[in-house]
Amino acid sequence: MILTLAFRNLFHDRIRLAVTLIGILFSIVLVAVQLGLYLGASKMITSNIDHANADLWIAVYGAKSFEDGGMLLTSRERHQALATPGVKAVIPLIVRFAEWRKPEGGSTRVVLVGTDAEDGGLEPFDLVEGSWEDIKAPEAIAVDRTYFNELGIKGVGDTAQIANGRVRIRAVTDGVRSFTQSPYAYTTLNRARALFGDGDGTTFYLVQTVPGADVKQVQQDLVNRLEGAEVLTKEEFRDRSLKQWLFRTGAGVALIGGALLGILVGTVIVAQTLYSSTKDHLGEFTTLRALGSSSGYIYKVILAQAGISAIVGYILGISIALIILVLSHNTALPMVMTPALAFWLFTLTVGMCAISALSAIMKVTKIDPAVVFNK
Amino acid sequence: MIDQPQPVLEAIDIVKELGSGAGKVRAVKGASLALVPGELTLLMGPSGSGKTTLLSILGCILSSTSGILRVAGTETTNLDSEELADLRRKHMGFIFQSYNLFPTLTALENVRIALDVRGQKDFSASNRCEEVLRDVGLAHRLRSYPGNLSGGEQQRVAVARAIASSPSIVLADEPTAALDGENGHAVMALLARIAKEQKRSVLAVTHDPRTLSYADRVVRIEDGRIVGEERRPDGLDAPEIADLTKRRKANG
């Protein structure tokens, strides 16, 4: 009967129910979109780090992120690292912003990534046309199809100019987005060096340890040996990159702030409508109390109302969020939805509605059953 | 000598003060009353005489300022609101002047909820509710919402709700006030039958003279004091009850 009464109380006033559901829906969509974008941005920022096969990253002291590695390291650091116990391989990786001159005129900035896949450092991922073998060809480069328009190209075979040299599209990736909005362009290590006119300079060294090595110990040994360079674990470098782009730029704060605003607005709307519904049904709750119901029984009715609102609101909200997710797939900042986020959103919705029910519960705690005889 | 049944509800020297400071009013001034099974008692008095306040105290809904109230042998003086609710749940059924039905629930569900708050949630509880509604003549209205029922039918649903859990005490506040003559008589006959056939203590607060002929006992209250009590002679049914019983026997 608790569920029946809660259901009838809710559906008795359809307009108020609609307001409640719109409040929850708005909240869920806003939180889902904001957190989905946050996850999407995080994924973009860390995708290269996540795909790199490295236990440790060596970077110039103060390197801010994958894209912003700062000054170049030299082969001296590589030799020092290779001489460190527990180190199996030290793989160079170049990552630098570069000017991309479009074939039809105009220019834009790209993040040029120079890597040799056969070294087993940063291996190919999400290639949809061509292969890393193709990238070894003269002038070859790989870009993501999302940025074709921005790069002024139409596909494989098109040419452009980066820094000092001409490049030709030989491979295409799909879904490798850049949070900085400067597209990633992948080429071989030597071509990257040639384009920039660098000697043996390197942005990062990817360190692979021998099986069974204590990574923390190897990290400490490397720190002791290398002057002016930092040695970071994969997780530390991910965190640093995320901090740089999401929090130093304020983008992440804005996304999280939007999500918090969504939670706040949703809670207030649901609290207001539940309170008003409880107020309208106060006479019935008073009658229940006079009939001998415990306070707990009445609280359960209110919580059931909140729970039903949460479930219906969540289903509607997550459905709209999933539509937005699909629509955002080909945009510069695609939204991400994971089962964990969907579950977390459900927990959040139920929690938000439960908190919203508090004002209504506080109202019924003040019920004086004696008023039933004064009606 | 006939044994006097033990009272299921006993109020001794009940005093109730309402308001505070200069606005303090003594609504009940030392009222004593006992209810025994099988009796329909009317508590009659003019408006403002304190009858509804006394009913609220007897129903464990309002606490008295002083005096002793015992319900089924339990003294209520030091009980908190949850314990008083528990007493109401176990021993009392209520009928209200405005019926106080849940507009969003059907007649059957309105009765069902009274059992639900008592933790009776199984299938037999549902059967019991149907049985009680049939007993009050509403077998054809089980799935009707209060808005589609007449005043008399609504009050009969309220009566069914009050007796569904088989309480030993039924308290009614002006049960006929919102009803026309025919429905008022029907509800009073029902209350009298409940008292007689189901051996419950029924107390109805009223100032409706139409109800007098159904009573086994009439307690009069004026200005917060019990000023008189009339009892029908032992062995005699109220005329309408006698007539009803005769008709029920004739109908088999």
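Our subject is the structure that appears above.
Everything numeric in this text was worked out from a predicted model, so none of it was measured.

Asks: So what about the overall build of chain A? Which residues, and what values?
Replies: Within chain A, the regular secondary structure consists of 12 helices and 10 strands. Over its C-alpha atoms chain A spans a radius of gyration of 29 Å, topping by over 25% the 21 Å that the globule rule assigns to 375 residues. Seen through its C-alpha atoms, chain A measures out along the principal axes to roughly 95 × 50 × 30 Å. Going through the 375 residues of chain A one by one, you find that 52% of them count as buried. Considering chain A, the positive charge centre built from 34 side chains and the negative charge centre built from 33 side chains are found 9 Å apart.

Asks: Tell me about the sheet that holds strand S1 (residues 9-18) of chain B, residues and numbers included.
Replies: Residues and elements named next belong to chain B. Ordered by their spatial adjacency, 4 strands build an open sheet running S2-S1-S4-S5, and the pairing between neighbours is antiparallel. Looking along the sheet, the strands with just one partner apiece sit at the ends: strand S2 (25-35) and strand S5 (74-75). Running at roughly 125° to S1, helix H1 (residues 51-58) makes contact with S1, S2 and strand S4 (66-71) of the sheet.

Asks: I'd like a rundown of the packing of helix H2 (residues 14-51) of chain A against helix H12 (residues 339-365) of chain A, residues and numbers included.
Replies: A pair of packed helices is characterised by two quantities: the angle between their axes and the separation of those axes. Residues and elements named next belong to chain A. Direction vectors running N to C along H2 and H12 enclose 145°, while the axes themselves pass 11 Å from each other. Helix-helix and strand crossings are classified by hand; for H2 and H12 the assignment is right-handed. Note on element contacts: H12 touches H2 through Leu341, Trp344, Leu345, Leu348, Thr349, Met352 and Cys353, opposite Ile24, Ser27, Ile28, Val31, Ala32, Leu35, Gly36 and Leu39. When grouped by side-chain class, the residues that make up the contact of H2 with H12 number 12 nonpolar, 3 polar and no charged.

Asks: Explain the environment of Glu153(B) residue by residue, including any values.
Replies: Residue and element names in this part refer to chain B. Looking at the secondary structure, you find glutamate 153 in helix H5 (residues 151-163). Look at glutamate 153 and you get buried, because its relative accessible area is 11%. Along the chain, glutamate 153 and serine 66 lie 87 residues apart, while their C-alpha atoms are 39 Å from each other. With residues near it in sequence (within four places) discarded, glutamate 153 still touches Leu138, His140 and Arg141.

Asks: Could you give me a rundown of the pattern of salt bridges, with the residues and numbers involved?
Replies: Residue and element names in this part refer to chain B. What the rule picks out here adds up to 28 salt bridges over all chains. Close ionic contact of lysine 196 with aspartate 216 constitutes a salt bridge, the shortest N to O distance being 3.0 Å. Placement of lysine 196 in helix H6 (residues 181-197) and of aspartate 216 in the loop between strand S8 (201-206) and strand S9 (217-222) is noted, with a sequence separation of 20 residues between them. Accessibility expressed as a relative area gives 10% for aspartate 216, which makes it buried. In the salt-bridge network here, residues are joined through shared partners; they are Glu39, Arg217, Glu229 and Arg231.

Asks: Run through the interface of chain B and chain A, naming residues and quoting values.
Replies: A common way to report how large an interface is uses the accessible area buried once the components associate. Listed by partner, the interface residues are 30 residues for chain B and 24 residues for chain A. For chain B, the biggest contributors to the area lost against chain A are Ile61(B), Phe102(B) and Thr104(B); these three give 22% of the whole. Applying the counting criterion to the chain B and chain A interface returns 2 salt bridges. A salt bridge links Glu109(B) to Arg8(A), with the shortest nitrogen-to-oxygen separation between them at 2.6 Å. If you look at where chain B meets chain A, you find 9 residue pairs in polar contact (both at pLDDT 80 or more).

Rules and cut-offs
- Residues numbered from 1 in each chain as written.
- Chains lettered and ligands numbered in written order.
- Predicted model: local features only at pLDDT ≥ 70, side-chain atom pairs only at ≥ 80, totals over all residues.
- Heavy atoms only, no water.
- Helix = DSSP H or I, 4+ residues; strand = E, 2+ residues; numbered from the N terminus.
- Rg over C-alpha atoms; globule rule 2.2 N^0.38 Å.
- Buried < 20%, exposed > 50% of the residue type's maximum accessible area, 1.4 Å probe, protein only.
- Lys, Arg positive; Asp, Glu negative; His and termini not counted.
- Charge placed at Lys NZ, Arg CZ, Asp CG, Glu CD.
- Pairing = 2+ DSSP bridges.
- Contact = heavy atoms within 4.5 Å.
- Axes fitted to C-alpha atoms, helices over the stretch in contact; angles between N-to-C directions.
- Left-handed = near helix turned anticlockwise from the far one by under 90°.
- Nonpolar A, V, L, I, M, F, W, Y, C, P; charged D, E, K, R; others polar.
- Salt bridge = Lys/Arg side-chain N within 4 Å of Asp/Glu carboxyl O.
- Buried area = accessible area lost by both parts, 1.4 Å probe.
- Polar contact = N/O pair within 3.5 Å; in protein donor to acceptor, adjacent residues only side chain to side chain.

Without other data, these values stay purely geometric and don't point to any function.
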